[in-house]
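Single-letter residue listing:
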Amino acid sequence: MENNEKHINILLFSGDYDKCLAALILVNGAREMGMTATVFCAFWGLFLLRDPEKISMEDKNLYEKMFSSITPSAAEKLPLSKMNLAGIGKSMLLNMMDENDTPHLQDFLNGARKKGVRFCACKLSLEIMGFKPEELLEGIEVMDVQSYLQDAVNANVQLFI
């Protein structure tokens, strides 16, 4: 990051569809303004970065296998934070988004990745939750907390979602 460049850093802790959507709208907008952007995904935020084609049960203990099998496998599988209503609320939201020609979460994720947003997975969160770096989308950086904090300290905008 150059000294004159503006930078946004988001710590994405949530695995809720609408909260991840807000984070991705912000980083896409930041990139369109010429800002650099980092999204550091920790704990539930890791669900955004999972690649359903790469999820594996190999080398996992019983708890890790159970956890992996009952958690969302991809961005579009995430529930809403409020009014999910066993998926009915999310279906309603997606229908309203479609009626307004609004892109879905996966579209915003793809756009952010194409625009060069830096997506990082928290190393400790991966270990605790039993996810392997190989199970994540291509090009995701695994980052420790010290590296995250260094990026956050240098950011002009820091958000926790």
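This text follows the structure it describes.
Here the structure is a predicted model, which is why all the values come from computation and not from measurement.

Draft legend 1. Up close: the overall build of the protein chain. Counting its regular elements, the protein chain contains six helices and five strands. Listing every helix and strand of the protein chain by position from the N terminus yields β-α-β-α-α-α-β-α-β-α-β. Taking 15 Å as the expected radius of gyration for a compact globule of 161 residues, we find that the protein chain reaches 16 Å, a close match to that expectation. Taken along its principal axes, the extent of the C-alpha atoms in the protein chain is 50 × 40 × 25 Å. Within the protein chain, contacts between residues at least 6 apart in sequence are counted, and of these 75% link residues at least 24 apart. With the model as given, the accessible surface of the protein chain reaches about 8900 Å², and the carbon-plus-sulfur share is 56%. Across the protein chain, the 16 positively charged side chains and the 22 negatively charged ones have centroids separated by 2 Å.

Draft legend 2. Up close: the sheet that holds strand β4 (residues 141-143). Taken together, the five strands give an open sheet; going across it, the order is β4-β3-β2-β1-β5, and neighbouring strands pair in parallel fashion. Where the open sheet ends on each side, the last strands, each with one partner, are β4 and β5 (157-160). The average angle at which neighbouring strand axes cross in this sheet is 25°, direction not considered. Sheet topology places strand β1 (residues 7-12) next to strand β2 (residues 36-41); six bridges connect them, and they run parallel. For Ile10, the partnering residue across the bridge sits in β2 and is Val39.

Draft legend 3. Main features of the packing of aromatic side chains. Following the criterion strictly, the structure yields seven aromatic pairs and no others. On the numbers, 5.9 Å between centres and 25° between planes, the contact of Phe13 with Phe160 is stacked. Note that Phe13 is positioned in the loop between β1 and α1 (17-32) and Phe160 in strand β5, a separation of 147 residues in sequence. According to the relative accessible area criterion, Phe13 is partly exposed, its value standing at 33%. The interplanar angle of 45° and the centroid separation of 5.8 Å between the aromatic rings of Trp44 and Phe47 together place this pair among those described as tilted. Under the relative-accessibility criterion, Trp44 is labelled partly exposed at 39%. Members of the aromatic cluster, each reached through a chain of ring pairs, are Trp44, Phe47, Phe67 and Phe131. Against the face of Phe131 rests Arg50, its NZ or CZ located 4.3 Å from the ring centre.

Draft legend 4. Structural context of unusual backbone geometry. Residues other than glycine seldom take positive phi values, yet Phe43 does so here, at roughly 45°. Along the polypeptide, Phe43 turns up in the loop between β2 and α2 (62-70). For Phe43, a relative accessible area of 27% gives the class partly exposed. Located in the positive-phi region is Asp59, a residue other than glycine, with phi close to 60°. Relative to the helices and strands, Asp59 resides in the loop between β2 and α2.

Draft legend 5. Representation of the side chain of Lys90. Along the chain, Lys90 turns up in helix α3 (residues 88-99). Here Lys90 is buried and forms no salt bridge, its nearest opposite-charge partner Glu76 lying at an N-O distance of 5.0 Å. When near neighbours in sequence (up to four residues on either side) are disregarded, Lys90 contacts Tyr17, Glu76, Lys77, Leu78, Leu80, Met83 and Asn84.

What counts, and where the lines are drawn
Residues numbered from 1 in each chain as written. Predicted model: local features only at pLDDT ≥ 70, side-chain atom pairs only at ≥ 80, totals over all residues. Heavy atoms only, no water. Helix = DSSP H or I, 4+ residues; strand = E, 2+ residues; numbered from the N terminus. Rg over C-alpha atoms; globule rule 2.2 N^0.38 Å. Contact = heavy atoms within 4.5 Å. Areas by Shrake-Rupley, 256 points an atom, 1.4 Å probe, with all protein chains shown as cover. Lys, Arg positive; Asp, Glu negative; His and termini not counted. Charge placed at Lys NZ, Arg CZ, Asp CG, Glu CD. Pairing = 2+ DSSP bridges. Axes fitted to C-alpha atoms, helices over the stretch in contact; angles between N-to-C directions. Phe/Tyr/Trp six-rings, centres within 6.5 Å; stacked < 30°, edge-to-face > 60°. Buried < 20%, exposed > 50% of the residue type's maximum accessible area, 1.4 Å probe, protein only. Lys NZ or Arg CZ within 6 Å of the ring centre and 35° of its normal. Salt bridge = Lys/Arg side-chain N within 4 Å of Asp/Glu carboxyl O.

Function-wise, these values are silent; they only describe arrangement.
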